[in-house]
Amino acid sequence: MRVTVIDYKAGNLTSVLKALRHLGAKVEVTDGDASLVESAERIVLPGVGHFSATVRLDSTGLTPAIHTAIARGVPFLGICVGMQWLYAGSTEAPDQPGLAHFPHRCTRFSESNEKVPHVGWNSLEVLPSSRLLAGIEPGEFVYFTHSYKAPVTNDTAATAHYIEPFAAAVERENVFGVQFHPEKSGTTGLKILRNFLGFTC
């Protein structure tokens, strides 16, 4: 299977590519070729850092290409900030819109004695209906690093708890997102990526 990975200069690209190739995927990377995105078989959008970096998706013309691919039924996976970009936006960069596939906004963790960002291993509570997380047992651990989080809604596929509950994974039809880094989450992360690679358009 062929996977198009979008490089908007803010993703953990090396580890993601290594994990996908380990699973047998044929990977192509683009930082601005809309035709590659429109014709993709699967799309992965990695991301770390500040939400404002997603402006590059707009400036390179990739945002409408992603809309086109999703409408065609192409499986799409957003990772970390790549997941947050699937929402209407984030209070981290209020003037930068997201894709708005999910209507809510991402917000910073509430004030607490706990340190922010949330960095390290945390367990998942998986909804039985999740396709992306099929075969993941309740309580399996994955690796997080983030200060902003998505709310728990009807589109949430898994939750985690740090200071407060938040959406650790989200899915609707062919669009999926994970707040954690599957490429850094050992066997559990590889199972999740393998599930994604198995989806058909």
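Scroll up a little and you will see the structure.
This report concerns the structure included in the present document. What you see is a predicted model; the values in this text were computed from it and never measured.

What follows deals with helix H1 (residues 13-22). Taken as a whole, H1 has its buried residues at Leu13, Val16, Leu17, Ala19 and Leu20. Along the axis of H1, the buried residues cluster in a sector spanning 165°; they form a single face. In H1, the exposed residues that point more than 90 degrees away from the buried face are Thr14, Lys18 and His22. Buried residues belonging to H1 abut strand E1 (2-6), strand E2 (26-30), strand E3 (43-45), strand E4 (76-79) and helix H6 (186-198). Downstream of H1 by one or two residues, Gly24 has phi in the positive range, about 95°.

If you look at the biggest cluster of nonpolar residues, it comprises 66 residues, and the most contacted ones within it are Leu20, Leu133 and Phe180. Setting aside chain neighbours within four positions, we find Leu133 in contact with Val126, Ala157, Ala158, Ala169, Phe180, Ile192 and Asn195.

Because side chains alternate across strand E9 (residues 141-146), one face comprises the buried residues Val142, Phe144 and His146, and the other comprises Phe141, Tyr143 and Thr145, none of which is buried. Alignment of strand E7 (residues 118-123) against E9, held across six bridges, turns out to be antiparallel. The residue bridging Ser123 from the neighbouring strand is Phe141, located in E9.

Before going further, it helps to spend a moment on the environment of Ile163. Looking at where Ile163 falls in the secondary structure, it is placed in the loop between strand E11 (156-162) and strand E12 (164-172). By relative accessible area, Ile163 is classed as partly exposed at 24%. The spatial distance from the C-alpha of Ile163 to the C-alpha of Ser110 is 7.2 Å, given a sequence separation of 53 residues. Non-local contacts of Ile163, meaning those with residues more than four positions away in its chain, are made with Phe109, Ser110, Ser112, Glu114 and Val116.

The buried fraction of E1 is high, at four of five residues. The sheet contact formed by E1 and E2 spans five bridges and is parallel. When the bridges of E2 are listed, Ile6 appears paired with Thr30. With two bridges joining them, E1 and E3 adopt parallel strand pairing. Counterpart to Thr4 in the pairing with E3 is Ile43.

With that settled, the discussion passes to the packing of aromatic side chains. On inspection of all chains with the given rule, the structure shows nine aromatic pairs. Residues Phe144 and Phe166 carry aromatic rings whose centres are separated by 5.6 Å and whose planes lie at 85° to one another, so their mutual orientation is edge-to-face. Highlighted residues: Phe144 in strand E9 and Phe166 in strand E12, separated in sequence by 22 residues. On the basis of relative accessible area, Phe144 is assigned to the buried category, the value being 0%. The exposure class of Phe166 is buried, given its relative accessible area of 0%. Arranged with centres 4.8 Å apart and planes meeting at 20°, the rings of Phe176 and Phe199 form a pair that is stacked.

When we look at burial in helix H4 (residues 62-71), the residues that qualify are Leu62, Thr63, Ala65, Ile66, Ala69 and Ile70. Looking down the long axis of H4, one finds its buried residues gathered within 160° of arc, a one-sided arrangement. Elements in contact with the buried residues of H4: E1, helix H2 (34-38), E3, helix H3 (55-59), E4 and strand E13 (175-178). Count one or two residues on from H4 and you reach Gly73, which has phi positive near 95°.

Strands pair in a sheet through their backbones, by hydrogen bonds, and they do so in one of two ways: parallel or antiparallel. As summarised here, the arrangement of the eight strands in space is E2-E1-E3-E4-E13-E12-E11-E8, forming an open sheet in which the pairing is mixed. Two strands bound the open sheet, and with one partner strand each, they are E2 and strand E8 (125-126). Across four bridges, the pairing between E12 and E13 is antiparallel. Its bridge partner lying in E13, Ala169 is registered against Val178.

Reading guide: rules and limits
Every chain is numbered independently, its residues counted from 1 as its sequence is written. Selection of residues for local features in this predicted model requires a pLDDT of at least 70, selection of side-chain atom pairs for listing and counting requires 80 or more, and totals for whole chains, interfaces and linings are taken over all residues. Note that water and hydrogens are dropped before the side-chain values are worked out from all heavy atoms of the structure. Relative accessibility decides the category of a residue: with a 1.4 Å probe and only protein chains considered, values under 20% of the type maximum give buried, values over 50% give exposed, and everything between is partly exposed. Secondary structure elements follow DSSP: runs of H or I of four or more residues count as helices, runs of E of two or more count as strands, with numbering from the N terminus. In this context, the arc is that of the directions from the helix axis out to the C-beta atoms. Whether two residues are in contact is decided by their heavy atoms: any pair within 4.5 Å suffices. Only buried Ala, Val, Leu, Ile, Met, Phe, Trp, Tyr and Cys residues count toward a nonpolar core, and they belong to the same one when joined by side-chain atoms within 4.5 Å. Note on pairing: two strands pair once DSSP finds at least 2 bridges between them. For Phe, Tyr and Trp, where Trp contributes only its six-membered ring, two rings pair if their centres lie within 6.5 Å, and the inter-plane angle classes them as stacked under 30 degrees, edge-to-face over 60, or tilted in between.

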